[in-house]
Structures are given as C-alpha cells and as structure tokens.
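# Chains, contacts and geometry: an overview
Each chain is listed here by its residues.
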Amino acid sequence: MTLLRTKHANRNHLPALMSKVPEEHHEPIKNMCLKMMSHDAYGQPYEWSSRDFEMGAHLGRGKFGRVYLARERYSHYLVAMKVMFKEELRKGNVQRQVLREIEIQSRLKHPHILRLLTWFHDESRIYLALEIASEGELFKHLRSAPNHRFDEPRSAKYTYQVANALNYCHLNNVIHRDLKPENILLTGTDDLKLADFGWSAHTPNNKRRTLCGTLDYLPPEMVDGTSYDDTIDQWCLGILCYEFLVGCPPFESNSSESTYEKIRRLEIHYPSHLSKGSKELIAGLLRKDSKGRLTLVDVMTHPWVKEGMTERDAQLRRNERGKENKAKN
Ligand SMILES: Nc1ncnc2c1ncn2[C@@H]1O[C@H](COP(=O)(O)OP(=O)(O)OP(=O)(O)O)[C@@H](O)[C@H]1O
C-alpha cells in the first residue's frame with residue numbers, strides 16, 4: 001500500500017503497474033492493489049493506528065525497539081513495524097534523535113533508502129511502518145561471507161548503491177553521518193537500503209561540529225573537532241568499501257586512542273588481494289583534505305565500480321540459472 005500521500009495511481013494504471021510482475025503472482029498482487037486503492041487512506045489524510053495492522057514474526061531487536069513483520073489488515077500489504085516504548089526513549093534521552101529520524105526518513109524517497117511508510121503512536125509506544133528488507137542487516141552477511149569479506153563485484157555494486165543514496169541525501173541537504181554495515185539492510189533482490197537516520201542532520205548550507213558516528217568510521221575533521229560538511233559521508237563510504245573488501249575497517253585498533261592516531265596519520269594497509277581499481281577508489285575517498293575527496297558522482301562513474309556492477313549482475317544471473325537447473329533435475 002502506498003501509505004504516503006503522494007500522487008496516486010488508479011485502476012487505469014493497473015496494466016502498466018502489473019507489466020513487470022511475474023505471471024504466477026499476477027492474481028494476488030492485482031487483488032492487493034485493488035484493495036489498496038479502495039482503502040479509506042488511499043490518497044487521503046488518514047490516522048493510522050496499531051488497530052490497522054496484524055503483528056507477526058519478530059524480525060529483530062535494536063537498542064530501543066523491536067521490529068516485527070506486520071500486515072495491514074485490509075489490503076494485506078506487508079511492512080516491517082518498528083515498535084519503541086516512549087518510556088525507554090525517555091530514559092535513554094533519545095527522543096530528539098528518534099524525532100529527527102522520523103522527520104528526515106519520511107521525506108526521503110529513493111530506491112536505496114529504507115522508506116518510512118507511515119508512523120503513529122499511542123500512550124506508551126511509537127510505531128514506525130517501514131519498507132521490508134527481507135535479508136536484514138548487511139553486517140550479518142559480511143560476517144558470514146568467506147573471510148568476512150565480499151568479492152570485488154559485490155563490493156562494487158554495494159558501493160555504487162550507497163553512493164547513489166548518499167548523493168540523493170546530499171542533494172536534499174541531509175548528511176547521514178553514521179554509515180556502517182550495521183545501518184544498511186539487504187533486500188531479497190540483492191539491493192541495499194540505507195537505514196538509521198538517527199544521527200543524520202539536516203544542513204541547509206551550514207558547517208557542523210557535533211561529534212557523532214562510529215569510532216572506526218570517524219573522519220579526521222571529527223577526530224580533530226573541526227567543522228565538517230557533507231564530505232564526511234564520502235570518507236565513511238571509503239571506510240565502508242574497505243570493510244566490504246577486507247572484512248574490517250582500515251583504522252581498527254585495540255584502543256580508541258590508537259584508532260584516532262591511525263586516522264590522523266592516515267595509516268592504511270592495503271592487503272595484496274585488492275585490485276588496483278579498488279585501492280584507487282578507496283584512496284580517493286580517504287583523503288584528509290575533505291575538498292580533495294572523490295565526489296559521489298565520481299564514485300558512481302568509477303571504472304572499477306562500473307565493471308564490478310556488470311560482473312555482479314552476471315554472477316546473479318548465473319546463480320539464478322544454476323537454481324533453475326537444479327530444480328529441473
Ligand atoms: N525494514 C526492515 N526489514 C527487515 N528487517 C528489519 C527492518 N528493520 C529492522 N530490521 C531488523 O530488526 C533489527 C533491529 O532493527 P532496529 O532498527 O531496531 O535496530 P538497530 O538499527 O540495530 O538498532 P538501533 O537503531 O537501536 O541501534 C535489525 O538488525 C534487522 O535485523
């Protein structure tokens with residue numbers, strides 16, 4: 001269900017909407033679309049409440065909330081429902097962070113940003129109805145990959161998708177500020193969804209000084225406490241790309257002090273299995289001089305990224321064919 005109040009398709013649009021749906025799913029999806037279109041909420045202001053949803057399986061747990069699979073009662077549209085207790089948010093002093101997350105995430109509409117479809121609250125809880133990313137946290141997949149790392153094509157594709165999402169954020173004056181594999185979700189179609197906008201900031205042109213984000217991903221300007229701008233997300237993308245390819249972030253250390261020192265000295269070791277193209281991309285993002293960092297468009301058009309994406313597509317097609325052949329035999 002399009003839970004947001006955007007331009008709405010009507011029955012006449014259905015043939016076009018259904019054109020990409022596989023034949024075997026046509027009937028149920030068409031019925032669900034028709035139900036959605038006849039819902040009171042469709043295209044109108046509507047006060048959603050927990051009574052509109054049936055809660056199902058537990059999908060995961062965060063610091064301040066639990067996430068459940070939930071089904072909108074009328075259309076049977078599935079969402080990931082994050083439920084947070086107001087009292088816990090108050091105790092943790094994170095009410096402002098949650099409100100910022102809601103405010104920012106409900107404005108952002110991009111294929112690689114997790115959609116916040118709607119939200120509501122009752123006396124004790126806040127509910128966020130989120131788009132489902134059925135494969136869960138990317139971090140879990142990185143940990144279970146051979147040697148805790150992704151191959152180059154997979155890393156290149158994911159780097160492209162995150163760059164694309166961040167570029168959209170920056171165009172909308174939003175800095176994510178807390179990029180890491182734990183804050184990225186994976187869908188069943190091998191696509192990434194950037195989530196967790198709790199630390200993100202709306203920045204109409206001003207430089208900021210707040211120290212936030214995860215230690216291993218901290219850019220030098222935050223370590224030194226100087227002002228920073230949206231180029232910190234490029235630094236974090238460099239760390240993320242390194243972590244995809246190597247299995248750990250480049251400045252990881254036993255103590256915070258030593259991590260800070262490594263960041264200041266830009267002490268990076270590139271293992272020998274990394275290709276020339278990947279090292280060039282990472283080095284272009286991990287520059288101390290924030291103005292000198294590759295732009296997000298540079299990342300999206302980088303030859304290593306483009307070649308890797310094509311190869312990842314081919315890998316997925318081969319896997320699909322392999323599965324089909326297995327099913328036939
Ligand atoms: N949209 C979603 N689709 C599928 N699973 C999800 C979705 N959102 C969250 N989950 C699952 O629920 C878990 C908890 O998510 P949540 O956003 O509450 O936590 P978090 O980001 O790990 O924590 P926190 O923000 O409290 O540090 C995730 O690790 C993931 O496995």
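Since this is a predicted model, take the numbers as computed values, not measurements. (Residues numbered from 1 in each chain as written. Predicted model: local features only at pLDDT ≥ 70, side-chain atom pairs only at ≥ 80, totals over all residues. Heavy atoms only, no water.)

### Focus: helix H12 (residues 303-328)
Convention followed: A run of DSSP states H or I qualifies as a helix once it reaches four residues; a run of E qualifies as a strand once it reaches two. Both are numbered from the N-terminal end. One less than the number of residues in a helix, times 1.5 Å, gives the span that helix is expected to have. Exposure is judged per residue with a 1.4 Å probe applied to protein chains only, and the accessible area is read against the type maximum: over 50% gives exposed, under 20% gives buried, and values in between give partly exposed. Whether two residues are in contact is decided by their heavy atoms: any pair within 4.5 Å suffices.
For H12, which comprises 26 residues, the first-to-last C-alpha distance of 38 Å matches the rise-based estimate of 38 Å (1.5 Å per residue) to within 8%. When we look at burial in H12, the residues that qualify are Trp304, Val305, Gly308, Arg312, Ala314 and Gln315. Residues of H12 that are buried in the fold lie against helix H6 (152-171), helix H8 (232-246), helix H10 (276-285) and helix H11 (296-300).

### Let's talk about the sheet that holds strand E2 (residues 65-72)
In plain terms, the rule: The rule for pairing is simple: two strands pair if DSSP sees at least two bridges between them. Helix axes are fitted to C-alpha atoms over the stretch in contact, other axes to C-alpha atoms as well, and angles between N-to-C directions run from 0 to 180 degrees.
Here we have 5 strands laid out as an open sheet, ordered E1-E2-E3-E5-E4, and antiparallel in their pairing. The open sheet has two free edges, formed respectively by strand E1 (53-61) and strand E4 (116-121), since each of these has just one partner strand. Recorded for the sheet is a direction-independent mean angle of 25 degrees between the axes of neighbouring strands. Bridge count for E1 against E2 is 6 bridges, and the pairing is antiparallel. When the bridges of E2 are listed, Glu54 appears paired with Arg71.

### Examining the UniProt feature "binding site: ATP" (unreviewed entry) in the protein chain
Rules: UniProt positions are given in the numbering used here, feature names are shortened, and annotations may be inferred rather than shown by experiment.
Following the UniProt record, the feature "binding site: ATP" (unreviewed entry) maps to Lys63, Lys82, Glu131, Ile132, Ala133, Glu182, Asn183 and Asp196 here. As for its placement among the helices and strands, Lys63 is situated in the loop between E1 and E2. According to the relative accessible area criterion, Lys63 is exposed, its value standing at 76%. In this fold, Ala133 is placed in the loop between strand E5 (125-130) and strand E6 (136-137).

### Section: unusual backbone geometry
Located in the positive-phi region is Asp190, a residue other than glycine, with phi close to 65 degrees. With respect to the secondary-structure elements, Asp190 resides in the loop between strand E8 (184-186) and strand E9 (192-194). Overall, the relative accessible area of 8% leaves Asp190 in the buried class. Backbone geometry at Leu266 places phi at a positive 50 degrees, although glycine is not the residue there. Mapped onto the elements of the fold, Leu266 is located in the loop between helix H9 (256-265) and H10.

### Thoughts on helix H2 (residues 26-37)
Note the threshold: Along the arc lie the directions from the helix axis toward the C-beta atoms.
With 12 residues, H2 should reach 16 Å at 1.5 Å per residue; the first-to-last C-alpha distance of 16 Å fits that figure. Regarding H2, the residues found buried are Cys33, Met36 and Met37. Down the axis, H2 shows its buried residues gathered within 95 degrees of arc, on one side only. Elements that come into contact with the buried residues of H2 comprise helix H1 (14-18).

### With respect to the packing of H8 against H10
Two numbers describe a pair of packed helices, the interaxial angle and the distance between the axes. We apply this condition: Throughout, the term roughly parallel applies to angles under 35 degrees, roughly antiparallel to angles over 145, roughly perpendicular to angles from 65 to 115, and oblique to all others. What makes a crossing left-handed is the near helix being turned counterclockwise from the far one by less than a right angle; a clockwise turn instead makes it right-handed. Each residue receives one of three labels: charged for Asp, Glu, Lys and Arg, nonpolar for Ala, Val, Leu, Ile, Met, Phe, Trp, Tyr, Cys and Pro, and polar for the others, Gly being one of them.
Direction vectors running N to C along H8 and H10 enclose 150 degrees, while the axes themselves pass 8 Å from each other. Classed by the angle they form, the pair H8 and H10 counts as roughly antiparallel. In the crossing of H8 with H10, the sense of the turn from one axis to the other is left-handed. Contacts between H8 and H10 involve Gln234, Trp235, Leu237, Gly238, Cys241, Tyr242 and Leu245 from the former and Ser278, Leu281, Ile282 and Leu285 from the latter. Per-class residue counts for the contact of H8 with H10 are 8 nonpolar, 3 polar and no charged.

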